[in-house]
Amino acid sequence: EPSHEIFYYGDFPNTFAWGTTSSAYQIEGGWNEDGKGVSIWDEFTHKLQSQISDGSSGNAACDSYHRIDQDIKIIKELRGISVGYYRFSLSWPRIIPTGEINDGINQPGVDYYNNLIDELLANNIQPMVTLYHWDLPQALQDKYEGWLDQSGIIVKAFADYTDFCFKTYGDRVKFWITFNEPFITAQLGYGVAAFAPGHYSPGEGVYYAAHSIIKSHAQAYHIYNNTYRESQKGQIGITLNTNWVEPMTTTDLDHIEASQRSLAFSTGWFAEPIFNSGDYPDVMIWNVGNRSEYYNITYDRLPKFTEEEKELNKGTSDFFGLNHYTSNLIVPCSYYPEEGPTYDSDQEACGDGCAEWPPSASSWLYQVPWGIRKLLIWIKRTYGDPVIYITENGISEHFSDGLDDDIRVNYYKNYIDEVLKAIKEDDVNVKGYTAWSLMDNFEWAEGYSERFGLHWVNFTDPERTRIPKKSASYYRSLAGSGTYVRP
Ligand code: PNW
């Protein structure tokens, strides 16, 4: 039992669940096969190659569309005693090519996931399924502007899609995540245009996209809750990404307030409607409103929820799904962009990693293990002590790096130790931990230039051979200390 001795604070509870994760566009490939529809990430990588650091795409990625066997093999080898689940996402356009169910279902796509789920269960691995990990059907973007749509059409399309998934897979899938990191979709996809669909609207579109995502999430939750929960007996929730933030100086009240604003604008934006009041954080409503006034903007950049919608939002997550990688230092900052107000300037808080923190291959990712413990405590206090599943945590290396990933072993060791402290010392209700990622894959705008995997993937080999890194055996031994297999 090699893993025990590294932990200062004892053992993980027997009931702790361990898993690994991926997402459809990042691993599947088969982008136009067997009737799959085009997604916004297909379109974005094909038309705007200059936006991807190595000009690549997910056309073939890890070729998981043809290699379920290979994926099952490495997940299984990782199992140790208790790497009990695999978190993956469904590609909406693979299942419903245009995104709208009345246009028809793509049976080979449906079968692909049936097969994957069956294979996982046959190997005693529980599926944890994300319904939306950023690959919106392109047709929905073209016809309705995707998540910008405020007419209700996109909410309805998502509701129909999720209903189909619950009906089709819910006999076997007991753990559902509606959205992965809506913050990234809103800000990078519809705000600053760094991610698909590349829509630039940093002071308005960013808020509209988030608004329809929250409403779509609530609809999906209620569909599951009202129609499927009783018979299928699963759980459903949302995954939010959050950097921990520290005030640059703790002696300056302005810095402390700025870091609180930053948390409200990032996690609070989604967590306050879903886990607390049903509405956006007060400081967001206040700041966005004030800044609109300054610019003589009279409409709501931050849309308003009706009273009925607030009720529908409230309490719509059985757990808090947390993706966490890094921390930032925050200072207050006030500036008024000439182009108009933006999500960034609305916050009056600016932040970045600290140059003294150990880096990674990703410019935004500094290694700050203690940040995860502080964040977990903050979530516990702010959102009423929810059950928390860490649905992603991990670190990147460069394309040229290989199997001796000591940096990753170290990262996992230190972060997971802080998670254990949060459980043992701070009584935070963390029930599971998921390593990002099962294997190297298409890292969005960074293409294949950053490797996050426990397994190394040879992207020049048509077989896409997967080879375990040092971190894979470390993670295996760690998870071997528990006995529980289900999230
Ligand atoms: C998450 N940032 O994305 C995603 O859920 C994964 O698909 C992704 O591969 C992983 O983290 C690693 O990046 C993020 O710029 C993308 O701060 C970008 C950022 C954070 C998370």
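The sections below set out a description of the structure shown in this document. Note that this is a predicted model, so its numbers are computed, not measured. (Residues numbered from 1 in each chain as written. Predicted model: local features only at pLDDT ≥ 70, side-chain atom pairs only at ≥ 80, totals over all residues. Heavy atoms only, no water.)

## Overview of the state of the cysteines
Cysteine pairs can be linked by a disulfide, which is a covalent bond between their two sulfur atoms.
And then number 1: Tallying each qualifying case throughout the model produces one disulfide.
And then number 2: Residue pairing for Cys333: its cysteine sulfur links by disulfide to Cys350, the two sulfurs lying 2.0 Å apart. Measuring the twist about the S-S bond at about 70°, one finds the Cys333-Cys350 disulfide to be right-handed. Separated by 17 residues along the polypeptide, Cys333 in the loop between strand E8 (327-332) and helix H13 (343-346) and Cys350 in strand E9 (residues 349-352) bring together distant segments of the chain.
And then number 3: Residue Cys333 is classed as buried on the basis of its relative accessible area, which comes to 17%.
And then number 4: Using a relative accessible area of 29% as the deciding quantity, one classes Cys350 as partly exposed. (Disulfide = S-S within 2.5 Å. Helix = DSSP H or I, 4+ residues; strand = E, 2+ residues; numbered from the N terminus. Buried < 20%, exposed > 50% of the residue type's maximum accessible area, 1.4 Å probe, protein only.)

## Brief notes about helix H10 (residues 253-275)
And then number 1: Compared with an ideal rise of 1.5 Å per residue, which puts 23 residues at 33 Å, H10 spans 27 Å between its outermost C-alpha atoms and falls more than 12% short.
And then number 2: Of all 23 residues in H10, 18 are buried; the element is thus mostly enclosed.
And then number 3: Two to three positions downstream of the cap, the backbone nitrogen of Asp254 sits 3.1 Å from a side-chain oxygen, assigning the N-cap of H10 to Asp252. (Expected span 1.5 Å × (residues − 1). Polar contact = N/O pair within 3.5 Å; in protein donor to acceptor, adjacent residues only side chain to side chain.)

## Some details on the packing of aromatic side chains
And then number 1: Scanning the model with the defined rule gives 61 aromatic pairs in all.
And then number 2: Taking 6.3 Å as the distance between ring centres and 35° as the angle between the ring planes, the aromatic pair formed by Phe195 and Trp444 counts as tilted. A residue pair is termed long-range when its members are at least 10 positions apart, and Phe195 in the loop between helix H8 (182-190) and helix H9 (205-232) and Trp444 in the loop between strand E12 (430-436) and strand E13 (450-451) qualify at 249 residues.
And then number 3: Following the ring pairs from residue to residue traces out a cluster consisting of Tyr25, Trp41, Phe44, Trp134, Phe195, Phe442, Trp444, Tyr448 and Phe459.
And then number 4: Lying across the ring of Tyr65, Arg94 places its NZ or CZ 4.1 Å from the centre.
And then number 5: Against the face of Tyr112 rests Arg94, its NZ or CZ located 5.8 Å from the ring centre. (Phe/Tyr/Trp six-rings, centres within 6.5 Å; stacked < 30°, edge-to-face > 60°. Lys NZ or Arg CZ within 6 Å of the ring centre and 35° of its normal.)

## What about the site of the ligand?
And then number 1: Around the ligand sit 14 residues, and of these Gln26, His133, Glu392, Glu443 and Trp444 come closest.
And then number 2: Between an oxygen atom of the ligand and a side-chain N or O atom of His133, the distance comes to 2.9 Å.
And then number 3: Between Asn180 and the ligand, the recorded distance is 2.9 Å, taken from a side-chain N or O atom to an oxygen atom.
And then number 4: When the free accessible area of the ligand is taken as 450 Å², the share hidden by the protein chains comes to 89%.
And then number 5: If you map the ligand onto the pockets, it falls in the largest pocket. (Near = heavy atom within 4 Å. Areas by Shrake-Rupley, 256 points an atom, 1.4 Å probe, with all protein chains shown as cover. 1 Å grid on protein atoms, 1.4 Å probe; cavity = no way out; pocket = protein on both sides within 12 Å on 5 of 7 lines; lining within 4 Å. Sits in = over half its atoms within 2 Å of the grid points.)

Take it as geometry only, folks, not as evidence of what the structure does.
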